[in-house]
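Now for the letters of each chain:
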Amino acid sequence: MFQGASAINLDAKGRMSIPSKHRDALAVQCEGRLTLTRHPHGCLLFFPRPVWESHREQIAAWPMSARAWQRIFLGNACDVELDSVGRILISPELRSAVGLTREVMLLGMGSHFEIWDAAKLAEDEQAAVAGGMPDVLSNFSF
């Protein structure tokens, strides 16, 4: 179960260091074999390969009416591996597609991660709070 936020800087080549707490879990869970893909909300999804393979099968089975969504998820999928110092390379195409700059946020979302441009994530979170809590969460409390 991946959780928590990590502020990370991409290097000049588009490489991102994975925090050690997640790196160790990824080494055990998938031997550092990972998949990145685009999400229409403006971030990247980052999966351990076995988790992605399950999603990939489900997405591939969608009907023709969902072909555009298959292109977003499957057409942008890119297999990556942790390098010897625990980094992944995010392709220029994926960085450009979601507007990643130097400062990014890695968010643990349970079975996978989201990678956001730090400024875009802050804007989206501010808009979500300003919009109020959705009805589906009206009975939720900590």
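Residues numbered from 1 in each chain as written. Predicted model: local features only at pLDDT ≥ 70, side-chain atom pairs only at ≥ 80, totals over all residues. Heavy atoms only, no water.

Some points on the overall build of the protein
(1) Moving on: Check the secondary structure of the protein and you find five helices and eight strands.
(2) Moving on: Taken over C-alpha atoms, the radius of gyration comes to 16 Å for the protein, in line with the 14 Å a tight globule of 142 residues would show.
(3) Moving on: Principal axes of the C-alpha set define a box for the protein whose edges measure 45 × 40 × 30 Å.
(4) Moving on: Within the protein, the fraction of its 142 residues that count as buried is 39%.
(5) Moving on: Considering only contacts within the protein whose residues lie at least 6 apart along the sequence, 60% involve residues at least 24 apart.
(6) Moving on: When the accessible area of the protein is evaluated, it comes to approximately 8,500 Å², of which 54% is carbon and sulfur surface.
(7) Moving on: Side-chain charges in the protein split into 14 positive and 16 negative, and the spacing between the mean points of these groups amounts to 6 Å. (Helix = DSSP H or I, 4+ residues; strand = E, 2+ residues; numbered from the N terminus. Rg over C-alpha atoms; globule rule 2.2 N^0.38 Å. Buried < 20%, exposed > 50% of the residue type's maximum accessible area, 1.4 Å probe, protein only. Contact = heavy atoms within 4.5 Å. Areas by Shrake-Rupley, 256 points an atom, 1.4 Å probe, with all protein chains shown as cover. Lys, Arg positive; Asp, Glu negative; His and termini not counted. Charge placed at Lys NZ, Arg CZ, Asp CG, Glu CD.)

Thoughts on the sheet that holds strand β5 (residues 78–81)
(1) Moving on: Read from one edge of the open sheet, six strands run β1-β7-β8-β4-β3-β5, paired in antiparallel fashion. Among the strands making up the open sheet, the edge pair consists of β1 (2–9) and β5. With strand direction ignored, the average angle separating the axes of adjacent strands in the sheet is 25°.
(2) Moving on: Note: strand β4 (residues 43–48) against strand β8 (residues 113–117), three bridges, orientation antiparallel. From the neighbouring strand, Leu45 faces β8, where its bridge partner is Glu114.
(3) Moving on: In the packing of helix α5 (residues 118–130) onto the sheet, the strands contacted are β7 (103–110) and β8, and the crossing angle to β8 comes to about 100°. (Pairing = 2+ DSSP bridges. Axes fitted to C-alpha atoms, helices over the stretch in contact; angles between N-to-C directions.)

With respect to the UniProt feature "domain: SpoVT-AbrB" (unreviewed entry) in the protein
(1) Moving on: Per the UniProt annotation, the sites labelled "domain: SpoVT-AbrB" (unreviewed entry) are residues 5–51 and 77–120.
(2) Moving on: In residues 5–51, helix accounts for 30% and strand for 45%; the two terminal C-alpha atoms are 20 Å from one another. (UniProt positions renumbered as here; feature names shortened; annotations may be inferred.)

Details of the side chain of Arg49
(1) Moving on: Tracing the backbone through its elements, the reader meets Arg49 in helix α2 (residues 49–60).
(2) Moving on: A polar atom in the side chain of Arg49 sits 3.4 Å from the side chain of Asp79.
(3) Moving on: Aside from chain neighbours lying at most four places away, what touches Arg49 is Cys30, Arg33, Leu34, Thr35, Asp79 and Val80. (Polar contact = N/O pair within 3.5 Å; in protein donor to acceptor, adjacent residues only side chain to side chain.)

Description of a nonpolar patch on the surface
(1) Moving on: A cluster of nonpolar residues, Met133, Val136, Leu137, Phe140 and Phe142, forms a patch on the protein surface that exposes about 670 Å² of accessible area.
(2) Moving on: Position of Phe142 among the secondary structure elements: in the segment after α5. (Patch = residues over 30% accessible without salt bridge, like charges linked within 9 Å, V, L, I, M, F, W, Y side chains within 5 Å. Salt bridge = Lys/Arg side-chain N within 4 Å of Asp/Glu carboxyl O.)

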